[in-house]
Amino acid sequence: MAAAALKLDETFAALADPTRRAILRRLAKGEASVSELAAPFDMSQPAISKHLKVLERAGLISTGQDAQRRPRKLEPEALVIANDFLIELRTLFDSRYAALDAVLEELKTTGATGD
Amino acid sequence: MTLKLMTPGDREILIERRFAAARPQVWRALTEPDLVRKWLLGPDGWTMPVCTIDLRVGGEMRFEWARGDARMGLTSTFKEIVPDDRMVATEKFDEDWTGGETLVTQSLHDDGDGTILRTHILYASQEARDGAKMSGMTDGMEAGYARLDGMFAAAA
């Protein structure tokens, strides 16, 4: 669990891209090499490799033992932790804090009477 | 400005966000009811008909939100108050979505001419944290991640 302690920001950024989500869906069915992952996409292997690096940094996938094939596999724990609740909580606070920005701006322009 | 959300431990959530205002101003926005009810809302159409803050150790803070027929309420009790610096309070929603009380510490940190607000939430247990639901407040809040297509289910 500690290893997953967590790069939530990187995880959310990694999940925000549709190609990367498609890669994760593919890996949910089993491990795959870079060329196998590139096949269904109209993308070069280097482009796919870039996405894989982002996913690996976020802890969402890992690279398997086989030195030749270097298969990628899903790390489901990172997904479990980035669960719906945390996404909801983040979205809620994002919206609240945007409103708080406005309140603070107003305090400044109306001349804060406090302190 | 970007919000950081972290899980430093199994029972914890830590949220950090920078504001372009000095600490005393941020403190006011966190502790004066007329200011709090302007921002401590849900994302869409929630109002805050009740917002009382008895700002002293042992004092209570009571928030009630409403949207249409939906209502939700939260009672907090202050454990520690250091003006312009930090406050610690236990919180409990009326419908107890958080599996017991949470201990919430909000602290303010100078950051150039701005302030970083750090909100640390300690849940009763890991199950409480992971099972917590914001219930009605986030209904219809389909962020972009709604498109995750049941990927979580597929991966589990």
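Report on the accompanying structure. (Residues numbered from 1 in each chain as written. Chains lettered and ligands numbered in written order. Predicted model: local features only at pLDDT ≥ 70, side-chain atom pairs only at ≥ 80, totals over all residues. Heavy atoms only, no water.)

Comments concerning the nonpolar core
Phase 1: Membership of the largest hydrophobic core comes to 46 residues, with the highest contact counts inside it found for Tyr97(A), Phe63(B) and Trp65(B).
Phase 2: In contact with Phe63(B), other than residues within four places in its own chain, are Val36(B), Leu40(B), Met48(B), Val50(B), Cys51(B), Ile53(B), Met72(B), Gly73(B) and Leu74(B).
Phase 3: Counting 16 residues, the second-largest nonpolar core is a separate cluster that includes Ile23(A), Leu24(A), Ile48(A) and Ile61(A). (Core = buried A, V, L, I, M, F, W, Y, C linked by side-chain atoms within 4.5 Å. Buried < 20%, exposed > 50% of the residue type's maximum accessible area, 1.4 Å probe, protein only. Contact = heavy atoms within 4.5 Å.)

A word on helix α1 (residues 23-31) of chain B
Phase 1: Taken across its nine residues, α1(B) has eight buried, putting it largely inside the fold.
Phase 2: Among the residues of α1(B), Pro24(B), Gln25(B), Val26(B), Trp27(B), Arg28(B), Ala29(B), Leu30(B) and Thr31(B) are the ones counted as buried. (Helix = DSSP H or I, 4+ residues; strand = E, 2+ residues; numbered from the N terminus.)

Structural notes on the environment of Gln126(B)
Phase 1: Relative to the helices and strands, Gln126(B) is located in helix α3 (residues 126-131).
Phase 2: Along the chain, Gln126(B) and Gly9(B) lie 117 residues apart, while their C-alpha atoms are 8.8 Å from each other.

Some thoughts on the environment of Leu41(B)
Phase 1: Within the secondary structure, Leu41(B) sits in the loop between α2 (33-39) and β3 (47-53).
Phase 2: Residues Leu41(B) and Ala66(B), 25 residues apart in the sequence, show an inter-C-alpha distance of 9.5 Å.

Here we look at the environment of Thr109(A)
Phase 1: Mapped onto the elements, Thr109(A) comes out in helix α6 (residues 84-109).
Phase 2: Among the polar contacts listed, one links the side chain of Thr109(A) to the backbone oxygen of Glu106(A), at a separation of 3.1 Å. (Polar contact = N/O pair within 3.5 Å; in protein donor to acceptor, adjacent residues only side chain to side chain.)

Things to note about the sheet that holds β3(B)
In any sheet, the strands associate via hydrogen bonds between backbone groups, in a parallel or an antiparallel arrangement.
All names here are of chain B.
Phase 1: Ordered by their spatial adjacency, eight strands build an open sheet running β1-β2-β8-β7-β6-β5-β4-β3, and the pairing between neighbours is antiparallel. The open sheet terminates on both sides in strands that have one partner only, identified here as β1 (4-6) and β3. Taken pair by pair, the neighbouring strands of this sheet meet at an average axis angle of 20°, ignoring direction.
Phase 2: Looking at chain direction, β3 and strand β4 (residues 60-67) are connected through five bridges and run antiparallel. Residue pairing across strands places Thr47 opposite Ala66, the latter belonging to β4.
Phase 3: Sheet strands touched by α1: β2 (12-19), β3, β5 (70-82), β6 (86-93), β7 (102-111) and β8 (114-122). Its angle to β7, the strand with the most contacts, is close to 155°. (Pairing = 2+ DSSP bridges. Axes fitted to C-alpha atoms, helices over the stretch in contact; angles between N-to-C directions.)

As far as function goes, none of this settles anything; it's purely spatial.
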